[in-house]
Amino acid sequence: MSAVKAAATHIDWTKLSTSLGLKTETVAALGAFRKRNEEARRVLSDLQDQKTAVDFAHYRKVLKNQAIIDEVEKAHKAFKPATYDVKAQIKSIEAVEAKALERAKFTATKVESELADLQATLKNIETSRPIDELTVDDVLKSRPEIAEKVDALLAKSKWDTKGYNDKFGYVTLF
């Protein structure tokens, strides 16, 4: 558990939120977590700095009823804090942590594969021929569904393309 604490103190929050390309919701959740974490650390530090010893001699000087002070001092000395078995909670926390780590690894592999696809697409775009050098045969070769659609329209004797006149205007040849 101390390794987790050591790792938590060395987190570069700005790098984490900017360099990983996280969604805005995730960055906001990380910011809220960071704020809660810092607040909890501040409160813990304040509580650790507080004096915890009870000065019964001071109360003996101030109060007249010494029997009450004796009774409270006796109860204070007899007090033993309850101990709880937190192994079950720790196991559940570790299970959630393992599941989150597994999801993070899955997300990382998914992001890496998407980046590889995008790099391949970018390389394809950079190495492709300019549009003015393409021929109709090249387009039909890369997108065979266009040829199928044109053949189907020609078989039905449909010579007009839907929406063409709306977009480019009606042109007739004499």
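The rules behind the values
- All residue numbers refer to position in the chain's written sequence, counted from 1.
- pLDDT decides what is reported in this predicted model: residues at 70 or higher carry local features, side-chain atom pairs at 80 or more are listed and counted, and totals for whole chains, interfaces and linings draw on all residues regardless.
- Hydrogen atoms and water are omitted, and side-chain values are computed over all heavy atoms in the structure.
- UniProt positions are given in the numbering used here, feature names are shortened, and annotations may be inferred rather than shown by experiment.
- Numbering of helices and strands starts at the N terminus; helices are DSSP runs of H or I of at least 4 residues and strands are runs of E of at least 2.
- Radius of gyration here is computed from C-alpha atoms only, and the compact-globule reference equals 2.2 Å multiplied by the residue count raised to the power 0.38.
- A simple rule labels every residue: compare its accessible area, found with a 1.4 Å probe on the protein chains alone, to the largest value its type can have, and call it buried under 20%, exposed over 50%, or partly exposed in between.
- Calculation of accessible area relied on Shrake-Rupley with a 1.4 Å probe; when residues are assessed, cover is drawn exclusively from the protein chains displayed.
- Positive charges come from Lys and Arg alone, negative charges from Asp and Glu alone, with His and the N- and C-terminal ends not counted.
- In plain terms, the charge of a residue is placed at NZ if it is Lys, CZ if Arg, CG if Asp and CD if Glu.
- By definition here, a salt bridge exists when the distance from a side-chain nitrogen of Lys or Arg to a carboxyl oxygen of Asp or Glu is within 4 Å.
- Nonpolar side chains (Val, Leu, Ile, Met, Phe, Trp, Tyr) within 5 Å and like charges within 9 Å form the patches, drawn only from residues with over 30% relative accessible area and no salt bridge.
- What a helix is expected to span follows from its residue count: subtract one and scale by 1.5 Å.
- Confidence scores per residue from the predictor, reported as pLDDT, run from 0 to 100.

- As recorded in an unreviewed UniProt entry, the protein chain goes by the name ATP synthase subunit d, mitochondrial, listed as coming from Linnemannia schmuckeri.
- Listed under Subcellular location (unreviewed entry) in UniProt, the entry text for the protein chain is "Mitochondrion inner membrane".
- Comment text from UniProt for the protein chain, heading Sequence similarities (unreviewed entry), reads "Belongs to the ATPase d subunit family."

Structural notes on the overall build of the protein chain
Thought 1: Check the secondary structure of the protein chain and you find 9 helices and 0 strands.
Thought 2: Along the protein chain, helices and strands appear, N-terminal first, in the series α-α-α-α-α-α-α-α-α.
Thought 3: Against the globule reference of 16 Å for 174 residues, the protein chain gives a C-alpha radius of gyration of 36 Å, more extended than a compact globule.
Thought 4: Principal axes of the C-alpha set define a box for the protein chain whose edges measure 120 × 35 × 30 Å.
Thought 5: The proportion of buried residues among the 174 residues of the protein chain is 2%.
Thought 6: A total accessible area of about 16600 Å² is found for the protein chain, and carbon and sulfur atoms account for 60% of it.
Thought 7: Here the protein chain holds 30 positive side-chain charges and 27 negative ones, and the gap between their average locations is 9 Å.

Overview of the pattern of salt bridges
Thought 1: Evaluated as defined, the whole model comprises 8 salt bridges.
Thought 2: The salt bridge partner of Arg 42 is Glu 39, with a shortest N-O separation of 2.4 Å. Highlighted residues: Arg 42 and Glu 39, both in helix H3 (residues 24–49), separated by 3 residues, approximately one helical turn.
Thought 3: With relative accessibility at 39%, the residue Glu 39 sits in the partly exposed group.
Thought 4: In this structure, Lys 77 and Glu 73 form a salt bridge, with 3.6 Å as the shortest nitrogen-oxygen distance. Placement of the pair is Lys 77 and Glu 73 together in helix H5 (residues 66–78), with a separation of 4 residues, close to one helical turn.
Thought 5: By relative accessible area, which is 16% here, Glu 73 ends up buried.

A closer look at the UniProt feature "coiled-coil region" (unreviewed entry) in the protein chain
Thought 1: This chain's UniProt record puts "coiled-coil region" (unreviewed entry) on residues 101–128.
Thought 2: Note that residues 101–128 is 96% helix and 0% strand, and that its end C-alpha atoms are spaced 40 Å apart.

A word on a positive patch on the surface
Thought 1: On the surface, Lys 149, Lys 156, Lys 158 and Lys 162 cluster together into a patch of positive charge.
Thought 2: Inspection of the secondary structure assignment puts Lys 158 in the loop between helix H8 (144–155) and helix H9 (164–168).
Thought 3: Taking relative accessible area as the criterion, Lys 158 reaches 47% and is therefore assigned partly exposed.

A few points about H8
Thought 1: In this model H8 runs 17 Å from its N-terminal to its C-terminal C-alpha over 12 residues, within 8% of the 16 Å that 1.5 Å per residue would give.
Thought 2: Note on H8: the residue one or two positions beyond its end, Ser 157, has a positive phi of about 60 degrees.

Some words on a nonpolar patch on the surface
Thought 1: Together, Ile 131, Leu 134, Val 136, Val 139, Leu 140, Ile 146, Val 150, Leu 154 and Trp 159 make up an exposed nonpolar region whose accessible area comes to about 840 Å².
Thought 2: Those elements that place two or more of their residues in the nonpolar patch are helix H7 (136–142) and H8.
Thought 3: Mapping Leu 154 onto the fold places it in helix H8.

Brief notes about the confidence of the model for the protein chain
Thought 1: On average, the protein chain scores 84 in pLDDT, and the residues at 70 or more come to 93%.
Thought 2: Across the protein chain, helix H6 (residues 87–127) holds the top mean pLDDT of 91, while helix H1 (residues 2–9) sits lowest at 65.

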